[in-house]
Amino acid sequence: MATVYVDNRAYEMDGEQNLLQGCLQLGMDLPYFCWHPAMGSVGACRQCAVKQFKDEKDQHGRIVMACMTPAAEGTRISIRDPEAVEFRKAIIEGLMINHPHDCPVCDEGGECHLQDMTVMTGHNYRRYTFEKRTFRNQYLGPFLNHEMNRCIQCYRCVRFYREYAGGNDFNAFALRNIVFFGRDRDGVLENEFAGNLVEVCPTGVFTDATLKRHYTRKWDLRMAPSICVHCGLGCNITAAERYGMLRRLVNRYHGEVNGYFLCDRGRFGYEFVNSERRIRQPLLEGKAVSKEDALTRLRELASGSVIGIGSPRASLESNFALRSLVGENRFYAGISGAESRLWKLMLAILRDGPARTPSLRETEACDAVFILGEDVTNISPRMALSLRQSVRRQPMEIVEQLHIPEWMDHAVREAVQEKKGPLFIASVSATRLDDIAAHTYRAAPDDLARLGFAVAHALNSDAPEPAGLPESVRALAGKIAGALKAAKHPLIVSGPSLAGAAIIQAAANIAWALPGTKLAFTAPEANSTGLAMMEAPAFDAAQADAADTVIILENDLARRFPASEMEQFLARFRHVVVLEYLENATTAKAELVLPAATFAEAAGSLVNNEGRVQRFFPALAPSPPVQESWRWLGSWNEFDDLAAALASAMPQLAAVTQAAPSASFRMTGAKVPREPHRYSGRTAMLANISVHEPKPPADPNSPLAFSMEGSPDQPPGALQPFFWTPGWNSIQAVNKFQEEIAGALRQGDPGVRILEGGGSNPGFFDVIPAAFEPRADEWLLVPLYHIFGSEELSRYAPAVSQLAPHAYVALNPRDAEKFGDEVELLGQRVPLTKVAEIPPGVAGVPAGVPPFAGFGFPMWSKIARLP
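Keep in mind that what you see is a predicted model, and the values were worked out from it rather than measured.

1. Description of the overall build of the protein chain
So, step 1. The helix and strand inventory of the protein chain stands at 25 helices and 36 strands.
So, step 2. For 867 residues, the compact-globule formula gives about 29 Å, and the C-alpha radius of gyration of the protein chain, at 28 Å, lands near that figure.
So, step 3. Principal axes of the C-alpha set define a box for the protein chain whose edges measure 85 × 75 × 55 Å.
So, step 4. With 867 residues in all, the protein chain has 62% of them scored as buried.

As structure tokens, then:
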């Protein structure tokens, strides 16, 4: 730590950081624009000016930029010096010359960093009376609106998009003294993290186009801490509602998981909650019935011979409630036997083996990575963003030798140039991370596994070696092994997407062959890991269970199995009960359909891919008769009682009670408010019903209140619904809630880890598949994942659905020569796409996209030429 004097008072600051970060960390108000805690300093905006003095005798000093000045021992600065104050005010005045006077109609109004900084600097009157510079705005796709007239040229957007997120279709275009930030032409932004521009931009240049369709000011939103449900990484989000409608999601900072950023699927996939396909009433034989009649019928059916089918997208509590209703031995996981075996294998590797799963923050610190069999960007997108940062770690040795601080971003990138650390990708086709890979390898799943086993053998001769490996593949395995061995923090990434146990076993062998190597598995659904830890039998076992009734929990079986198999399975039962929030093929077969609450209307716990149990809370009270699945299924009135019962029955999940404070938690005798202090219109918003202010909904199941009344103190991280503090109305307010800038939240990051690894090597896996052999008249169908379209729920969000692909089959150009533009596959006529990266003998189909959603890939199939 270094002693730094600010306005003649001594403070302790981190000597490795700059003065701006040090001042903000101490709670001081110092305006800035271009600096971002995840992207460092470039000194572009000149807004964080302070006066620096040589020593205590220096009375003149000089203006410096706090973001570009190290917090060195003995540094003396003044924030309140009149010259520094006037300098900052002049900078704001210059920025505002061309800024439009449109705050009342700007979507960013009320949560605008520019507004906050303008007030902070004391600029309150515009002297400029001439014409303003104007631009033509661009269409950038269904997620973002573009309003270039509001730009202040801080360069944050282009730095994030190009340098941090790896996009290349967005840039800064300059002509004389004019700079335009956008694309070279109108069109959808191609990067999967473009939505973060909404929060990265300190003004209203980029705003949420989905929010614009049902716009509400930030201060009129009721917000709750929640967890993204569109993959299994457990990114923290703030869900916000108004008038009973979910209006938007924004990033909720978590120091170990998502940090400052979300993927676009997680940010914009929320609109399925408002879908016209929502089930709002109980249905008995297709007709709406009352809640009481539905419960009566459910009790009648549950009293007989009944089995339950759980779900990897339902909470731990809802799955446990179904298990309790039908009995431990008659509860099934709701995934195929093949998928269940993969998850049991992965859990055994993580529980019993020595390799630890890193958090996303730890992933960014890894300096050599081998991705085996996964298309990370399309399956677990936020992990891909962390991997993009990991390739910067090894070149940082150059920066250290030159004594350049890592926060000085422009100097760091000048020193490093295009150098990247070793990232190796072995997959069945091209991935969105190929542009930063040191080497890519395309092969059929079994050949990917063979490469993995070869890498493990190259690291440790005790690991089995695949026989008959081509010399080129052997050389590649040696190269990968050498890079991993030379690294300080090596990482292996794999997962279940290709349904290959051999791939997962090969990944484990590599991690175990090199002590200290971390191992990360992707997780396709919100609670895939949690459901696996419940250790229920797979769906396949249910087919042999004789029962009159089946209760299916938040699970569309048409996405798990081919339609014919699903119909055959359901036909075995006299009664089918489905708890669901969207109409689907499974609800269409049900005798009784119960309307379930979504993540935005319910409380529950999820386990992410690293084994972190986290809690989500309702942003809005469900509109009766909609209610949480666990309420339909059980007799629990209190969520805490249900969580305690779960912890008692399943010791492996006992930490669920520690994921968040109980409903009895209070701060200074008060709950945590879901609404900000500026919340307005509580009487007017329901004036068409009554002129009297209605009583806010009660929430006895959480320490959160559905009102603005409550404690003003900072709650534990798991209960933090939004980030706001006086003078900081934008998302930048998160700085005020952290132990240190870009560190953990002051009251602790949410959740508790229950998978830590650290065991001994249980012995290498030794069953190595034979080399892939193409067949003369058949192709091995493999799933190709799409960030927009493969995941079930986000497909029903209007903005996401615009970018989802239609069905197709992808072949290597050599294999495609014998076919026309369309082919017949699995009884369906589909377009043919030529993809050079797909190996011969292999065909790719879009995962999760009808009509292929229920098939168990990989599988062999014929492809017919159409006349």
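2. Topic: the nonpolar core
So, step 1. The biggest cluster of nonpolar side chains holds 105 residues, and the ones touching the most others in it are Phe 370, Leu 448, Leu 451, Val 455, Leu 484, Leu 519 and Ile 551.
So, step 2. The biggest single contributor to this core is helix 18 (residues 501-513), with ten residues.
So, step 3. Sequence-distant contacts of Phe 370, defined by excluding residues within four places in its chain, comprise Phe 424, Ala 426, Leu 451, Gly 452, Val 455, Ile 480, Leu 491, Ile 492, Val 493 and Ile 510.
So, step 4. Counting residues in each nonpolar core, the second largest holds 79 residues, with Met 28, Met 96, Trp 728 and Ala 742 among its members.

3. Quick word on helix 13 (residues 381-390)
So, step 1. Counting buried positions along helix 13 gives ten out of ten residues, so the element sits mostly inside the fold.
So, step 2. Pro 381, Arg 382, Met 383, Ala 384, Leu 385, Ser 386, Leu 387, Arg 388, Gln 389 and Ser 390 are the residues of helix 13 that are buried.

4. Observations concerning helix 4 (residues 156-164)
So, step 1. Among the nine residues that make up helix 4, seven are buried, leaving the element largely enclosed by the rest of the structure.
So, step 2. If you check which residues of helix 4 are buried, you get Arg 156, Cys 157, Val 158, Arg 159, Phe 160, Tyr 161 and Tyr 164.
So, step 3. Phi turns positive, to about 80°, at Gly 166, one or two residues after helix 4.

5. Re unusual backbone geometry
So, step 1. For the peptide bond that leads from Pro 624 to Pro 625, omega is 10°, which places it in the cis range.
So, step 2. Tracing the chain through its elements places Pro 625 in the loop between strand 26 (612-616) and helix 22 (629-633).
So, step 3. Although it is not a glycine, Arg 46 adopts a positive phi angle of roughly 65°.
So, step 4. Following the sequence through the fold, Arg 46 ends up in the loop between helix 1 (19-25) and strand 3 (49-53).

6. Details of the packing of helix 2 (residues 82-96) against helix 3 (residues 113-121)
So, step 1. One can describe the packing of helix 2 onto helix 3 by two numbers: an axis separation of 9 Å at closest approach and a directional angle of 140°. Relative to helix 3, the element helix 2 lies oblique. Note that helix 2 runs across helix 3; the crossing there is left-handed. Contact with helix 2, carried on its side by Arg 88, Lys 89, Ile 92 and Met 96, involves Leu 114, Met 117, Thr 118 and Thr 121 of helix 3 and no other residues of that element.
So, step 2. Of the residues in the contact of helix 2 with helix 3, the class split is four nonpolar, two polar and two charged.

7. Quick word on the pairing of strand 12 (residues 245-251)
So, step 1. Here strand 12 lies mainly inside the structure; six of its seven residues are buried.
So, step 2. Bridge analysis of strand 11 (residues 236-242) against strand 12 gives six bridges, and the strand direction is antiparallel. Residue pairing across strands places Ala 239 opposite Leu 249, the latter belonging to strand 12.
So, step 3. Once strand 11 ends, the chain turns through two residues before running back antiparallel as strand 12, passing Tyr 243 with a positive phi of about 55°.

8. Overview of empty space enclosed by the protein
So, step 1. In the structure shown here, the tally under the stated rule is eleven cavities of 30 Å³ or more.
So, step 2. Size it by volume and the largest cavity reaches roughly 280 Å³.
So, step 3. As for the largest cavity, its lining consists of 24 residues, of which Glu 111, Glu 199, Arg 248, Val 250 and Ile 731 are closest to the centre.
So, step 4. Looking at the lining of the largest cavity, the elements with two or more residues in it are helix 5 (197-200), strand 9 (206-208) and strand 12.
So, step 5. Top contributing element to the lining of the largest cavity by residue count: strand 12, with four residues.

9. Some points on the side chain of Thr 517
So, step 1. Within the fold, Thr 517 resides in the loop between helix 18 and strand 21 (518-521).
So, step 2. A distance of 2.7 Å separates a polar side-chain atom of Thr 517 from the backbone oxygen of Leu 514.
So, step 3. In contact with Thr 517, not counting residues within four places along its chain, are Ala 355, Arg 356, Pro 490, Leu 491, Ile 492 and Ala 511.

10. Here we look at the pairing of strand 23 (residues 575-580)
So, step 1. With six of six residues buried, strand 23 is to be regarded as a mostly interior element.
So, step 2. Of the two faces of strand 23, both are covered, the one formed by His 575, Val 577 and Leu 579 as well as the one formed by Val 576, Val 578 and Glu 580.
So, step 3. The sheet contact formed by strand 22 (residues 549-553) and strand 23 spans five bridges and is parallel. When the bridges of strand 23 are listed, Ile 552 appears paired with Val 578.
So, step 4. Viewed along the sheet, the connection from strand 22 through helix 21 (residues 563-570) into strand 23 turns out right-handed.
So, step 5. For strand 23 and strand 24 (residues 592-595), the ladder comprises four bridges, and the chain directions are parallel. Within strand 24, the position partnered with Leu 579 by the bridge is Leu 594.

11. Describing the domain arrangement of the protein chain
When the parts of a complex come together, some accessible area is lost, and that lost area is often used as the size of the interface.
So, step 1. Each domain of the protein chain was delimited in the assignment, giving domain 1 (2-96), domain 2 (293-339 + 531-708), domain 3 (356-516) and domain 4 (779-865).
So, step 2. With centres defined by C-alpha atoms, the gap from domain 2 to domain 4 works out at 33 Å.
So, step 3. With nine residues of domain 2 at the interface, the matching set in domain 4 holds ten residues.
So, step 4. Taken over both partners, the interface formed by domain 2 and domain 4 buries close to 770 Å², and the fraction arising from carbon and sulfur atoms is 53%.

12. Describing the side chain of Ser 78
So, step 1. Inspection of the secondary structure puts Ser 78 in strand 5 (residues 76-78).
So, step 2. Look at Ser 78 and you get buried, because its relative accessible area is 8%.
So, step 3. For Ser 78, the side chain forms a polar contact with the main-chain nitrogen of Arg 80, separated by 3.4 Å.
So, step 4. Leave out the neighbours within four places in its chain, and Ser 78 touches Asp 7, Val 50, Lys 51, Phe 53 and Ala 84.

13. Some remarks on the packing of aromatic side chains
Between two aromatic rings, the relevant description is the distance of the centres plus the angle of the planes.
So, step 1. Using the criterion set out here, one finds 26 aromatic pairs in the structure.
So, step 2. With centroids separated by 4.8 Å and ring planes inclined at 40°, the aromatic side chains of Phe 160 and Phe 261 adopt a geometry described as tilted. Linking Phe 160 in helix 4 with Phe 261 in the loop between strand 12 and helix 7 (264-268), this pair joins segments that are 101 residues apart in sequence. The pair Phe 160 / Phe 261 is uniform in exposure class, with both members buried.
So, step 3. Residues Trp 512 and Phe 765 carry aromatic rings whose centres are separated by 5.6 Å and whose planes lie at 25° to one another, so their mutual orientation is stacked. Separated by 253 residues along the polypeptide, Trp 512 in helix 18 and Phe 765 in the loop between strand 29 (752-753) and strand 30 (779-784) bring together distant segments of the chain.
So, step 4. The ring centre of Tyr 5 lies 4.0 Å from the NZ or CZ of Arg 76, which sits over that ring.
So, step 5. The cationic tip of Arg 674 hangs over the ring face of Phe 706; the distance from NZ or CZ to the ring centre is 3.7 Å.

Basis of the calculations
Residues numbered from 1 in each chain as written. Predicted model: local features only at pLDDT ≥ 70, side-chain atom pairs only at ≥ 80, totals over all residues. Heavy atoms only, no water. Helix = DSSP H or I, 4+ residues; strand = E, 2+ residues; numbered from the N terminus. Rg over C-alpha atoms; globule rule 2.2 N^0.38 Å. Buried < 20%, exposed > 50% of the residue type's maximum accessible area, 1.4 Å probe, protein only. Core = buried A, V, L, I, M, F, W, Y, C linked by side-chain atoms within 4.5 Å. Contact = heavy atoms within 4.5 Å. Axes fitted to C-alpha atoms, helices over the stretch in contact; angles between N-to-C directions. Parallel < 35°, antiparallel > 145°, perpendicular 65-115°, else oblique. Left-handed = near helix turned anticlockwise from the far one by under 90°. Nonpolar A, V, L, I, M, F, W, Y, C, P; charged D, E, K, R; others polar. Pairing = 2+ DSSP bridges. 1 Å grid on protein atoms, 1.4 Å probe; cavity = no way out; pocket = protein on both sides within 12 Å on 5 of 7 lines; lining within 4 Å. Points joined across faces, edges and corners; volume = space filled by probe spheres on them. Polar contact = N/O pair within 3.5 Å; in protein donor to acceptor, adjacent residues only side chain to side chain. Right-handed = clockwise from strand over helix to strand, strands pointing away. Domains from an automatic or database assignment. Buried area = accessible area lost by both parts, 1.4 Å probe. Phe/Tyr/Trp six-rings, centres within 6.5 Å; stacked < 30°, edge-to-face > 60°. Lys NZ or Arg CZ within 6 Å of the ring centre and 35° of its normal.

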